[in-house]
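Observations on the model geometry
For reference, the chains in residue letters:
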Amino acid sequence: MTIAYVFGGMHNEGSAAAPMYEQRSAARAVYRQVEEWTGYDADQLLGRSEPPSGAPSRRVKALQQAAQALAVHDVLAEHGVRPSVTGGLSLGAQVAACIAGAVSREALFTLFARSWDEPQEHRGRTAGRAQGVAFVGLPVAQDPDGDAYAPERVGGSYRGVDLGPVGDGTMRCVMFSGYLDQLEQLADALPPGHRVAKISPELPATHSPIQQHIGEAMAAEIAGMDFLDPQIPVCSCLESRTLTTAGDVRDLFLRITTTGVSVPKVLDGLRRHGPALAVVLGPSQFNRYLRSVVPVAHVERPGQVDAALEAVASAGAVLAPTAG
């Protein structure tokens, strides 16, 4: 029986990691390891104390979210739950590759701890030109990867995240990334039947070539990382395909900063593997998309562990032997 583990993208809301840390020894062990690798202690990773002065907020959030997701993974592993396929969106795709054995935990956290620095020379080039994202509703039949949404046709903005169908299913939500002055003109550049629902100037232009400087900084770190063939399939969020080789995973790590990501592409991959249950680990809203594909259990807090174990048993899983 196939169980899928699914991980969400960068989560900007408040963390609910502390209860799992406080109540589960397996979770605390993860945070001790992360501190050894990164220098960030548990209080900083749980959001209970301030991170080091000058640490980029995106770096801190990446470390916090990855630590929380792997803590949940290890709590479930104590009960013999193991995935047979995995996938995720954005940062979640990198965490998925890690739990699939394609990247070591130490390498993943070291990458996150060193990434997302803003080079001084880049700050100088972009001074005064703010970035942001715009959430746009478009007809569900429209392909956000199509030529109609090429940057030159939508005022220089990029399709950053395709969230797929929303509401009654007649519309899909796509997050466009760009410079704020471009996004403010996006409504006039879009075809009829589209609606700009919200512009968020506080967010960076993620998953677009505007983040090339960050992609280059990450590439320098990735060059020194060891990649292995995943032990279980990893559903890509960049294309509708499964990552099965070390080269596949390296390519995802190199491209993910500047390339648009897609919830429907992850779901396409999961459909091909036909899981009987999907478990969403850590902070994520993925369960709202997955419910149309497969039964879902979401584990973020200690009280959700027993419900997930019941869902696994109901789905007919044969649990792995537990440690000890």
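Here the structure is shown first, and the text comes after it.
Residues numbered from 1 in each chain as written. Predicted model: local features only at pLDDT ≥ 70, side-chain atom pairs only at ≥ 80, totals over all residues. Heavy atoms only, no water.

Topic: the overall build of the protein
Rules: Numbering of helices and strands runs from the N terminus, with a helix taken as a DSSP run of H or I at least four residues long and a strand as a DSSP run of E at least two residues long. Radius of gyration: C-alpha atoms only; globule rule: 2.2 Å multiplied by the number of residues to the exponent 0.38. Using a 1.4 Å probe on the protein chains alone, a residue whose accessible area is under 20% of its type maximum counts as buried, one over 50% counts as exposed, and one in between counts as partly exposed. The contact definition used throughout considers only heavy atoms, calling two residues in contact when any of these lie within 4.5 Å. Note on areas: Shrake-Rupley, 1.4 Å probe, and residue coverage restricted to the protein chains presented here. In this charge count, Lys and Arg are treated as positive and Asp and Glu as negative; neither His nor the chain ends contribute. Charged side chains are reduced to one point each, which is NZ for Lys, CZ for Arg, CG for Asp and CD for Glu.
Across its full length, the protein carries 14 helices and 11 strands. Relative to the globule expectation of 20 Å for 324 residues, the C-alpha radius of gyration of the protein, 19 Å, shows essentially globular dimensions. Each principal axis of the C-alpha atoms in the protein carries an extent, and together these give about 60 × 45 × 35 Å. Across the 324 residues in the protein, those meeting the buried criterion constitute 54%. Within the protein, contacts between residues at least 6 apart in sequence are counted, and of these 72% link residues at least 24 apart. For the protein, the accessible surface area stands at approximately 13900 Å², while carbon and sulfur atoms represent 48% of it. Across the protein, the mean location of the 27 positive side-chain charges is 2 Å away from that of the 34 negative side-chain charges.

Some words on the side chain of Q65
Applied cut-off: In protein, a polar contact means a hydrogen-donor-capable atom and an acceptor-capable atom, both N or O and within 3.5 Å, with residues adjacent in sequence counting only if both atoms are side-chain atoms; elsewhere, any N or O pair within 3.5 Å suffices.
By secondary structure assignment, the location of Q65 is in helix α4 (residues 57–78). Only 3.2 Å separates the side chain of Q65 from the backbone oxygen of G8, close enough to count as a polar contact.

So, the sheet that holds strand β11 (residues 296–299)
For clarity, the threshold we go by: DSSP-based pairing: two strands are paired if at least 2 bridges between them are found.
Pairing is mixed across the open sheet formed by six strands, whose spatial order is β8-β7-β2-β1-β10-β11. Sheet topology places β8 (242–243) and β11 at the edges, where each strand pairs with a single neighbour. Pairing of strand β1 (residues 3–7) with strand β2 (residues 85–88) involves four bridges; the strand directions are parallel. Each bridged residue has a counterpart across the sheet, and for Y5 the counterpart in β2 is T86.

Some details on the nonpolar core
So the rule is basically this: Note on terminology: a nonpolar core comprises buried Ala, Val, Leu, Ile, Met, Phe, Trp, Tyr and Cys residues joined through side-chain atoms within 4.5 Å.
Of all hydrophobic cores here, the largest spans 90 residues; its most connected members are F253, F286 and L290. At 11 residues, α4 tops the list of elements feeding residues into this core. Leave out the neighbours within four places in its chain, and F253 touches Q94, A97, V103, L108, L111, I222, M225 and F227. Among the nonpolar cores identified, the runner-up in size contains 10 residues, and L138, V174, L186 and L190 belong to it.

A closer look at the packing of aromatic side chains
What counts, and what does not: Between the rings of Phe, Tyr and Trp (Trp by its six-membered ring), a pair exists once the centres lie within 6.5 Å; its type follows the angle of the planes, with under 30 degrees stacked, over 60 edge-to-face, and the other angles tilted.
All told, the structure shown has five aromatic pairs when counted by the stated rule. Taking 5.4 Å as the distance between ring centres and 75° as the angle between the ring planes, the aromatic pair formed by F227 and F253 counts as edge-to-face. Taken together, the positions of F227 in the loop between α10 (212–222) and β7 (234–235) and F253 in helix α11 (residues 246–255) put the pair 26 residues apart, joining distant regions of the chain. Residues F227 and F253 agree in their burial class; the two are buried. With a centroid separation of 6.1 Å and 85° between ring planes, the pair formed by F286 and Y289 is classed as edge-to-face.

Notes on the sheet that holds strand β4 (residues 158–166)
Here five strands make up an open sheet; going across it, the order is β6-β3-β5-β4-β9 and the pairing mixed. Unpaired on one side and paired on the other, β6 (195–200) and β9 (261–262) mark the two borders of the sheet. Two strands pair when backbone bridges link them, and β4 and strand β5 (residues 171–179) are joined in this way by seven bridges, in the antiparallel orientation. When the bridges of β5 are listed, R159 appears paired with F176.

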